[in-house]
Amino acid sequence: MDRDRFPVDEWRLIEKRFSLADVGVTETLFTLGNGYLGLRGNHPEGGHAHEHGTFINGFHETFPIRHAEQAYGFAEVGQTIINAPDAKVMRVYVDDEPLDFDTADIREYERVLDMRRGVLTRHLRWVTPAGKDVQIDVDRLVSFDEKHLAVMRLTVTVLNSDAPVTIVCQLVNRQDGEDVYGGTAPGTQRAGFDPRKAEKIAERVLAPQEYWQDGGRTALSYRVTESGMTIAVVADHLIDTENEYSARTSVEPDIAKNVFRVQAKAGVPVTVTKLVSYHTSRGVPTRELVDRGRRTLDRVAAEGVQSAYDRQAEWLDGFWRRSDVVIEGHADLQQATRWCLFQLAQAAARADGLGVPAKGVSGSGYSGHYFWDTEIYVLPFLTYTTPQWARNALRMRYLMLPAARRRAAQLNEAGALFPWRTISGEEASAYYAAGTAQYHINADVSFALGKYVRATGDDDFLYREGVDIAVETARLWATLGFWRYNEDGQPEVFHIHGVTGPDEYTTVVNDNLFTNVMARFNLRFAARVVREMAEAAPEAYALMAKRLDLDPAEPDAWDAAAEAMHIPYSEGLGIHPQDAVFLEREVWDLESTPPEQRPLLLHFHPLVIYRYQVLKQADVVLALYLQGNHFTDEEKLADFEYYDPLTTGDSTLSAVVQAILAAEVGYQDLALQYFAQSIFVDLGDLHHNAADGVHVASAGGVWTALVAGFGGMRDHYGELSFDPRLPEAWPSLSYTLHWRGTELKVRITRDAMTVDAAGGGPVSFSVRGASVTVEPGGSVTVPLDGQGPRLSGRPTLSDIGESLREDGTLLSASVPTMTTSIPVITGSQPVVGGDDSALGIDT
Ligand code: BGC
């Protein structure tokens, strides 16, 4: 980060200088959201933007997916998040001159995201060509407490002279066309190919319904053409000034204006406050939504605007008490860590039973879809800091079960198959090889459920709804996998073929280690849950058995499959192959791959990538963490050393996992490097696509890297344990964990670990094998003898190069053939590099 422009501050992200060059990135960094509603950090002047974004979790349009070559069972219903009507616009004119960032003489500028107050502020001084010295102060919040509410406030003071000031507030439907100043609709300015961006729909999406104005109150509402969803935005406009002013209004289906013309006296401020309420539904008539919006605003008016700010700060006090992680002595890392944690609240807090999109509500990247990111990357944070939010997210999967059952049947399986990516519950991944084939999502959901239940003791949820997830996902594994029999005809090994693991640079393989290990967990978990239920809650068990038509023999069959699950292992290399044929592939020489060919997915056809041992993201290494109790220390070290040099980290879901395992096996400096890549992934725009929205999974992984990676926390089978790895340069690391109703404050220093407990009951855990119990209100300190093993440097390809494959041949690394005569396509212009005559191309 440019620290002159973004100085270090532990609680605030501060921007000292405005730049149009990276406007997309700063829009993302200064986004406000609450998990339901998100407003990108666009300036109220509404000028240049990467995306004038207002996003509402789950608010989407559908479209038929047109496959060039159709096949049975391909995903049919495309889904994409819609840019909701924009309420952020509050333009300022002085002497009828607009404030225009392109040309304005701006003398002072500071924008601050205050993560303790949950407010975005901007201060600037603008001197007009006529010499008017104008101070403009803006603030904005998206309420955590009142999830439908956003507040925006703008104060203009002409400091040195009287002047006519006009403030134009707008509500504008940007989804369907140009903005009023002829700017392009969001997304259309993008060039080039990038599968990580959103689908765009050319036709009109938002069909206008009721729209009106009544004094300072304005409403627009729409029905989404294909999905049938509805939305209403209702806004109040309040003015506060000693100056004389007049107010005018106008409304059309796609734009409403509330204009204040002020005869501003020198030094006399004018403040306009905009209270905005968004309501959406799957199909409720918009009139009803408008009424809901009115009620939200009436309540705010009755309480007074200030109370929205006070409640926001109060809400965040609670959030930080439950969730803060403190890195002593490193204000820069502290700031970035808090920014990531704040993003998790902004992405998940008020998702209220919806999923957590890959970009939260901060952008349209990945079309607003929910992936496994929610369960594996975000849910750990939610489970151990605010379990209610984890429960809400798990309910999203419960509610998706009917669609998941249909999908399983369509793929010839029993039980349920969760979609790889979705908003509505239907599979939206058009590319099955890296989509639907990621069957592991089933196990990921069950895994997150298991963690939640063990950490909270919420059997009520498990027995009423969660168990359905456990059983239906296990059923899928039982039919997707198959037995191989020995010569006596006895079942011997259970295999799972034709799947894709988390690493999307290898697809549709047999016996992907991650999938098999996680499926094994899933099968055992389901068997254990139904047996426990039969004992502990016979009535709930009977209801469940009836509801799910459970055959009493099923749990034994699941256990048997789990027990016999094939776990690929190479005796020769002493590592776990990623899948059955992974080691037969050539090794991609990443060390010789130039940066301009990264990420590989933007520069190589999938088939080229699939031929190699090269990883987009942690796969085996993730299994070593999630199912760490099933691997020895030696296995973890050998696997980490093998896979680390093959892992591109082209997905931001990778570095956090590499950090955790690097810390565990002893590459502690490397762990810190991976950690830094993760906390600055958006703040430093390290993957060059922060403009499309926050990398929420990575932000979740940051929490896990701190708590599990450096903090050494594990909780296999509901048993809490710690084996810390405090980085050498950190005096201490502190975090909070919620464990079955007890709040545990953990502090790790170089030579001790202290746990203070509050509320709930006594908690037992182990520290490097020694058992400890802490009573509520009590505290225990356990001495630490060092911070685990230490290995220097990082594993390299040359370590792999000396190894032999199973067939006795030498493993060696190479890169795909690069021929200079391959035409390089940029945009729509074929440009031929090198010797074009060879291809006979006429340039
Ligand atoms: C990753 C997936 C992830 C998705 C959304 C992809 O690049 O490979 O694992 O779920 O991004 O974050």
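Residues numbered from 1 in each chain as written. Predicted model: local features only at pLDDT ≥ 70, side-chain atom pairs only at ≥ 80, totals over all residues. Heavy atoms only, no water.

Comments concerning the sheet that holds strand 32 (residues 779-783)
The strand order across the open sheet built from 5 strands is 20-27-28-29-32, with neighbouring strands paired in antiparallel fashion. Whereas interior strands pair on both sides, the edge strands pair on one side only; in this sheet they are strand 20 (325-327) and strand 32. On average, each strand axis in the sheet is tilted by 15° relative to the strand beside it, whichever way the strands run. Across 5 bridges, strand 29 (residues 752-758) lies against strand 32 in antiparallel orientation. Bridging from a neighbouring strand, D756 pairs with S779 of strand 32. (Pairing = 2+ DSSP bridges. Helix = DSSP H or I, 4+ residues; strand = E, 2+ residues; numbered from the N terminus. Axes fitted to C-alpha atoms, helices over the stretch in contact; angles between N-to-C directions.)

Some words on the pattern of salt bridges
Taken as a whole and assessed by the stated rule, the structure comprises 59 salt bridges. Two residues, E210 and R287, come together in a salt bridge whose shortest N-O distance is 3.2 Å. With E210 in strand 14 (residues 206-214) and R287 in helix 2 (residues 286-303), the pair connects residues that are 77 residues apart, well separated along the chain. Judged by its relative accessible area of 18%, E210 falls in the buried class. A relative accessible area of 57% places R287 in the exposed class. E728 is paired through a salt bridge with R790; the nearest N and O atoms lie 3.8 Å apart. Here E728 is found in the loop between strand 26 (721-722) and strand 27 (732-739), whereas its partner R790 is found in the loop between strand 32 and helix 19 (797-801), with 62 residues between them in sequence. The partly exposed category is assigned to R790, whose relative accessible area is 39%. Among the charged side chains, a salt-bridge network with shared partners connects D145, E146, R299, E303 and R311. (Salt bridge = Lys/Arg side-chain N within 4 Å of Asp/Glu carboxyl O. Buried < 20%, exposed > 50% of the residue type's maximum accessible area, 1.4 Å probe, protein only.)

Quick word on the site of the ligand
The ligand sits among A358, Y366, F371, W372, D373, W420, E504, K616, Q617, S651 and L653. In the environment of the ligand, an oxygen atom lies 2.9 Å from a nitrogen or oxygen atom belonging to the side chain of K616. Burial of the ligand by the protein amounts to 94% of the accessible area it has alone, namely 310 Å². Residues of the shell around the ligand, tallied by class, amount to 6 nonpolar, 2 polar and 3 charged. (Near = heavy atom within 4 Å. Polar contact = N/O pair within 3.5 Å; in protein donor to acceptor, adjacent residues only side chain to side chain. Areas by Shrake-Rupley, 256 points an atom, 1.4 Å probe, with all protein chains shown as cover. Nonpolar A, V, L, I, M, F, W, Y, C, P; charged D, E, K, R; others polar.)

Comments concerning the UniProt feature "domain: Glycoside hydrolase family 65 C-terminal" (unreviewed entry) in the chain
On the UniProt side, "domain: Glycoside hydrolase family 65 C-terminal" (unreviewed entry) is annotated at positions that read residues 713-774 here. With 0% helix and 60% strand, residues 713-774 has end C-alpha atoms that lie 16 Å from one another. (UniProt positions renumbered as here; feature names shortened; annotations may be inferred.)

So, the UniProt feature "domain: Glycoside hydrolase family 65 central catalytic" (unreviewed entry) in the chain
Feature annotation in UniProt assigns "domain: Glycoside hydrolase family 65 central catalytic" (unreviewed entry) to the following positions: residues 338-704. In this annotation, residues 338-704 is assigned 51% helix and 4% strand; the end-to-end C-alpha distance for the span is 13 Å.

Details of the nonpolar core
In terms of nonpolar packing, the biggest core is built from 225 residues, with I136, W372, L622, Y642, F722, Y735 and F765 touching the most fellow members. Per-domain counts for this core show at least three residues from each of domain 1 (12-320) and domain 2 (324-767). Of all hydrophobic cores here, the second largest spans 16 residues; its members include V119, W212, V234 and V305. (Core = buried A, V, L, I, M, F, W, Y, C linked by side-chain atoms within 4.5 Å. Domains from an automatic or database assignment.)

Section: the packing of aromatic side chains
In the structure shown here, the tally under the stated rule is 32 aromatic pairs. Relative to Y432, the ring of F74 lies with its centre 5.6 Å away and its plane at 35°, an arrangement referred to as tilted. Highlighted residues: F74 in the loop between strand 5 (60-64) and strand 6 (77-81) and Y432 in the loop between helix 7 (401-410) and helix 8 (440-456), separated in sequence by 358 residues. Judged by relative accessible area, which is 45%, Y432 ranks as partly exposed. Ring geometry for Y642 versus Y643: centroids 5.2 Å apart, planes at 80°, classification edge-to-face. Judged on exposure class, the residue Y642 and its partner Y643 are both buried. Three or more aromatic residues link up through ring pairs in this structure, and these residues are W11, F144, W315, F319, W320, F342, F381, Y384, W389, W703 and W739. If you follow R153 out to its NZ or CZ, it ends over the ring of Y309, 4.2 Å from the centre. Between the NZ or CZ atom of R338 and the centre of the ring of W11, over which it lies, the distance is 3.6 Å. (Phe/Tyr/Trp six-rings, centres within 6.5 Å; stacked < 30°, edge-to-face > 60°. Lys NZ or Arg CZ within 6 Å of the ring centre and 35° of its normal.)

Details of the environment of D310
Mapped onto the elements of the fold, D310 is located in helix 3 (residues 305-323). Residue classification places D310 among the partly exposed positions, given a relative accessible area of 41%. Taking C-alpha positions, D310 is 8.3 Å from R117, a pair spaced 193 residues apart along the chain.

Focus on the sheet that holds strand 3 (residues 37-39)
What the 3 strands build is an open sheet, ordered 2-3-4; its pairing is antiparallel. Of all the strands in the sheet, just strand 2 (32-33) and strand 4 (54-56) have a single pairing partner and so form its edges. The pairing of strand 2 with strand 3 spans 2 bridges and is antiparallel. Looking at the pairing, G33 lines up with G38 of strand 3.

Quick notes on the side chain of D236
Within the secondary structure, D236 is located in strand 16 (residues 230-241). On the basis of relative accessibility, which here comes to 9%, the residue D236 falls in the buried class. In terms of polar contacts, D236 uses its side chain to reach the side chain of R217, at 2.7 Å. Ignoring any residue separated from it by four or fewer positions in sequence, one finds D236 in contact with G216, R217, T273, K274, L275 and L297. (Contact = heavy atoms within 4.5 Å.)

Looking at the domain arrangement of the chain
Domains assigned within the chain are domain 1 (12-320) and domain 2 (324-767). Residue-level contacts link 52 residues of domain 1 with 53 residues of domain 2. Summed over both sides, the interface of domain 1 with domain 2 buries roughly 4,400 Å², with 59% coming from carbon and sulfur. Area buried by domain 1 at its contact with domain 2 is led by Q79, R196 and W320, which between them contribute 19% of it. Across the contact surface, domain 1 and domain 2 share 1 salt bridge. (Buried area = accessible area lost by both parts, 1.4 Å probe.)

Some points on helix 16 (residues 655-665)
Burial of helix 16 is extensive: 11 of the 11 residues sit out of reach of the surface. Within helix 16, the full set of buried residues consists of A655, V656, V657, Q658, A659, I660, L661, A662, A663, E664 and V665. Contacts made by the buried residues of helix 16 are with helix 5 (373-385), helix 14 (620-626), helix 15 (633-643), helix 17 (668-679), helix 18 (696-710) and strand 25 (713-714). Positive phi shows up at G666, right after helix 16, with a value of about 125°.

Thoughts on the pairing of strand 16
Taking burial as the measure, the 12 residues of strand 16 include 9 buried ones, the bulk of the element. In terms of strand pairing, strand 15 (residues 217-224) meets strand 16 through 7 bridges, oriented antiparallel. Counted as the bridge partner of R217 is D236 from strand 16. Hairpin remark: strand 15 followed by strand 16, antiparallel, with 5 residues in the connecting loop; positive phi at G228, about 80°. In the sheet, strand 16 pairs with strand 19 (residues 270-281) via 12 bridges, with the strands oriented antiparallel.

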